[in-house]
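The chain contents come next:
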Amino acid sequence: MIKAVRGTRDLLPPETALWNFVEAAVRDVFRAYNFHEIRTPIFEETQLFARSVGEETDIVAKEMFTWDDGERFEDKKLLEAWSKENEDRVFFQEGMPFLTSIKPLGIQRQIWRKATNSVEFVCFRPTISSESIAALVKARTVARSQYSQEFGHHPIRLRLVVPDKVVSNSPWVKTEDVEIEGFPGNYFSSSQSLTLRPENTAGVVRAYIEHRLWDRGLNKLYYVGPQFRRERPQKGRYRQFYQIGAEIIGPPSAGSESPARDAEILELLATLLDRLGVENWMLQLNSVGCPNDRAAYNEALRKALEPVVGQMCADCQRRAVTNPLRVFDCKVPADQPIIETLPRISQFLDEPCRRHFEQVQEILKSVGVEFQLNDRLVRGLDYYSRTAFEFTHGALGAQNAILGGGRYDGLSESLGGPSAPGIGFAIGEDRLVLALQKSADAVQRKPDVYIAPLGTGMDREAARLARELRRHDIVVDLGDETFRLKKSFEIASKLGARFILIVGENEVKAGAFALKNLESGEQVSVPRPELPRKILAG
Ligand code: HAM
């Protein structure tokens, strides 16, 4: 039996009702803050993540799903180059109806040219193979029988054009039927390393640069979608997980650098969690400073690590050399007492960073969002600068970060874009759903009415009635005329329907139907036109 891959899972009803509830609520909140949705591809060039999230982070170093998207043959390029050299004799061009009829033979691009006392059918392939030769021969047979008028009695010659490097490596040089021609030039696009997105900020900033979104001033964007990390699966940690995230990004002149943006994001999150009924969350807040601060801080960290790093795990020994800040990502229990003694970034903030951080806190206090300062919090991604935060929740156990985020003021430049300070967050939707104190039942709309057709021919009548009722935004489920009434009652109560509506021959004739309230047990006969009102009234 084939099962879902480790670290992935199916989300099934009724749990999906909770996911829909969450997503509907967040879309409402985003609307109130004037955020708009962005959807970026779920895979990107590997370089994007290496350059933004950082080579030394756990995410990039260990957790990405990366593959090599092998080189591709560009037959169109070869056709164009070859046709240019043979211009005078080419007489059928790509796109003519005659040529498309040959495509089903597996020949995508082809051309005809005149030769002395003959016509030549030419096609372009990445390799010389018995399949492409067989396809050519077959194409000639088709052409001969269907297009004799165009060709008259001229013989049709076959020509296979391939990149010349292919000819030199191939045992096929000449066949009786087919002339093989090597054409100089490179017609292979180079292979690309691609990665399933482990997070969405890099994709958003890539899109910001690609589409010159700075022209729109401040961009307030949100996304909802799957992300992929090859982590060890456990409760609240999956290899395919879902994030609900948002980013505010724009040119400095649009106010993107202002502490007011940080506070707006954090206040939005507090509102969102409260609106969803998530209780007991805690906002952990820190500033990781700017590149200047970090250079001094890294130096101090290196010094402090020197005498102790020998006692730490292998990862930390590597981090201490390449990117000492990442030591704070270590989860090894034995290393924690050492990490506790290390200097903290808060002691290294320069004046503008310190002031920025203070202003964020002042606004948060004025809007009444509680927070806890945590100067150990450095976040596991390299692009952060200044404000960094996480919201934690007790019910989640070891994976207690329900969401994380921060500022990334230099990210756009490091990806080749203009200065575009930004701040954002991503909520782990899987964890958010775990933290909800709601059951799927509480958010799921049950059927208002279950229609029980009774006897042959009644499915038809039931379908008509269901159609009428659903137009009134009534949730209707349908039985089947082959069911006994007892079975219909059992199904209706299992579904949690409020009413059962019985559709038998007598009811149809009378134009009035037996409607039974499954909670109170009351049963009444209701004329057809009054059914919607009666059901909606409850
Ligand atoms: P992150 O802290 O790597 O930040 O992920 C954000 C949230 O995604 C985490 O707090 C957690 O709830 C959830 N999450 C991460 N990994 C997993 C997993 N394997 N299984 C389940 N949930 C997981 C980012 O991704 C940044 N892009 C956030 C951001 C946006 N910063 C600025 N803008």
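Presented here is an overview of the structure given in this document.

Reading guide: rules and limits
- Residues numbered from 1 in each chain as written.
- Predicted model: local features only at pLDDT ≥ 70, side-chain atom pairs only at ≥ 80, totals over all residues.
- Heavy atoms only, no water.
- Helix = DSSP H or I, 4+ residues; strand = E, 2+ residues; numbered from the N terminus.
- Rg over C-alpha atoms; globule rule 2.2 N^0.38 Å.
- Buried < 20%, exposed > 50% of the residue type's maximum accessible area, 1.4 Å probe, protein only.
- Contact = heavy atoms within 4.5 Å.
- Areas by Shrake-Rupley, 256 points an atom, 1.4 Å probe, with all protein chains shown as cover.
- Lys, Arg positive; Asp, Glu negative; His and termini not counted.
- Charge placed at Lys NZ, Arg CZ, Asp CG, Glu CD.
- Phe/Tyr/Trp six-rings, centres within 6.5 Å; stacked < 30°, edge-to-face > 60°.
- Lys NZ or Arg CZ within 6 Å of the ring centre and 35° of its normal.
- Pairing = 2+ DSSP bridges.
- Axes fitted to C-alpha atoms, helices over the stretch in contact; angles between N-to-C directions.
- Parallel < 35°, antiparallel > 145°, perpendicular 65-115°, else oblique.
- Left-handed = near helix turned anticlockwise from the far one by under 90°.
- Nonpolar A, V, L, I, M, F, W, Y, C, P; charged D, E, K, R; others polar.
- Near = heavy atom within 4 Å.
- Polar contact = N/O pair within 3.5 Å; in protein donor to acceptor, adjacent residues only side chain to side chain.
- Salt bridge = Lys/Arg side-chain N within 4 Å of Asp/Glu carboxyl O.
- 1 Å grid on protein atoms, 1.4 Å probe; cavity = no way out; pocket = protein on both sides within 12 Å on 5 of 7 lines; lining within 4 Å.
- Points joined across faces, edges and corners; volume = space filled by probe spheres on them.

1. A word on the overall build of the protein chain
Step number 1: The helix and strand tally for the protein chain stands at 21 helices and 23 strands.
Step number 2: Relative to the compact-globule value of 24 Å for 538 residues, the protein chain shows a C-alpha radius of gyration of 33 Å, a clear excess of over 25%.
Step number 3: Taking the principal axes of the C-alpha coordinates as reference, the protein chain spans close to 90 × 90 × 50 Å.
Step number 4: For the protein chain, buried positions account for 50% of its 538 residues.
Step number 5: In the protein chain, the proportion of contacts linking residues at least 24 apart, taken out of those at least 6 apart, comes to 69%.
Step number 6: Accessible surface computed for the protein chain: about 26,500 Å², of which carbon and sulfur atoms make up 50%.
Step number 7: Each charge sign in the protein chain was given a centre, from 72 positive and 74 negative side chains, and these centres are 4 Å apart.

2. Overview of the packing of aromatic side chains
Step number 1: Summed over all chains, the structure comprises 13 aromatic pairs.
Step number 2: Between the aromatic rings of Phe73 and Phe188, the centroid separation amounts to 5.6 Å while the plane-to-plane angle is 50°, which identifies the pairing as tilted. Of this pair, Phe73 sits in strand β4 (residues 72–73) while Phe188 is found in strand β10 (residues 188–189), placing the two residues 115 residues apart along the sequence.
Step number 3: Each residue in the set Phe30, Phe35, Tyr222 and Phe425 is aromatic and connected to the rest through ring pairs, giving one cluster.
Step number 4: We note Arg9 situated over the ring of Tyr238; from NZ or CZ to the ring centre the distance is 4.0 Å.
Step number 5: Sitting over the face of the ring of Phe483, Lys487 holds its NZ or CZ atom 4.2 Å from the ring centroid.

3. Regarding the pairing of strand β22 (residues 512–517)
Step number 1: Within β22, five of the six residues are buried, which leaves it mostly tucked inside the rest of the structure.
Step number 2: Sheet topology note: the strand β21 (residues 499–504)/β22 ladder contains four bridges and is antiparallel. Looking at β22, one finds that Ile500 is bridged to Lys516.
Step number 3: As consecutive antiparallel partners, β22 and strand β23 (residues 523–527) are separated by five residues, and within that stretch Gly521 has a phi angle of approximately 85°, a positive value.

4. Here's the deal with the side chain of Arg261
Step number 1: Note that Arg261 resides in helix α10 (residues 259–276).
Step number 2: The residues touching Arg261, leaving out its near neighbours within four places in the chain, are Leu218, Ile248, Gly255, Ser256, Arg407 and Ile423.

5. Considering the sheet that holds strand β19 (residues 449–454)
Step number 1: The strand order β20-β19-β21-β22-β23 describes an open sheet built from five strands, whose pairing is mixed. Where the open sheet ends on each side, the last strands, each with one partner, are β20 (476–478) and β23. The mean inter-strand angle of the sheet, taken between neighbouring strand axes irrespective of direction, is 30°.

6. Let's talk about the packing of helix α1 (residues 15–32) against α10
Step number 1: Where α1 meets α10, the axes come as close as 10 Å, and the angle between the chain directions of the two elements is 140°. Classified by the angle between their axes, α1 and α10 sit oblique to one another. Handedness of the α1/α10 crossing: right-handed. In this structure, α1 uses Phe21, Val22, Ala25, Val26, Asp28, Val29 and Phe30 to contact α10, whose residues at the interface are Leu268, Leu272, Arg275 and Leu276.
Step number 2: Taken together, the residues of the contact of α1 with α10 sort by class into nine nonpolar, no polar and two charged.

7. Thoughts on unusual backbone geometry
Step number 1: Of note, the bond from Pro13 into Pro14 is cis; its omega dihedral lies within 30 degrees of zero at 5°.
Step number 2: Along the chain, the position of Pro14 falls in the segment before α1.
Step number 3: Although it is not a glycine, Asn34 adopts a positive phi angle of roughly 60°.
Step number 4: Looking at the secondary structure, you find Asn34 in the loop between α1 and β1 (36–37).
Step number 5: A positive phi angle is found at Asn280, which is not glycine, with a value near 60°.

8. What to know about the site of the ligand
Step number 1: Around the ligand, the structure places 27 residues, and the nearest of them are Glu199, Glu231, Tyr238, Glu247 and Tyr384.
Step number 2: A distance of 2.6 Å separates a nitrogen atom of the ligand from a polar atom in the side chain of Tyr384.
Step number 3: Computed on the free molecule, the ligand has an accessible area of 650 Å², of which 96% lies beneath the protein chains in the complex.
Step number 4: Ranked by the residues each element gives to the shell around the ligand, the list is headed by strand β17 (residues 401–407), at six residues.

9. Remarks on the pattern of salt bridges
Step number 1: Considering all chains together, one arrives at 38 salt bridges under this definition.
Step number 2: Asp315 is paired through a salt bridge with Lys62; the nearest N and O atoms lie 2.7 Å apart. Of this pair, Asp315 sits in helix α12 (residues 314–322) while Lys62 sits in helix α3 (residues 58–62), placing them 253 residues apart in sequence.
Step number 3: Look at Lys62 and you get partly exposed, because its relative accessible area is 40%.
Step number 4: One salt-bridge network, in which partners are shared between bridges, spans Glu56, Asp58, Lys62, Asp315, Arg318 and Arg319.

10. Some details on the layout of surface pockets
The method is simple in principle: a probe with the dimensions of a water molecule rolls over the atoms, and the space it marks as empty is what remains.
Step number 1: Counted as a void, the second largest pocket has a volume near 170 Å³.
Step number 2: Contributing to the lining of the second largest pocket are Glu44, Glu45, Gln47, Leu48, Arg51, Arg206, Ile209, Glu210 and Leu415.

11. Considering the environment of Ala17
Step number 1: Of note, Ala17 is situated in helix α1.
Step number 2: Note: C-alpha distance between Ala17 and Glu522 (505 residues apart in sequence) is 30 Å.
Step number 3: Dropping the residues within four chain positions of it, Ala17 is found in contact with Ala440, Val443 and Gln444.

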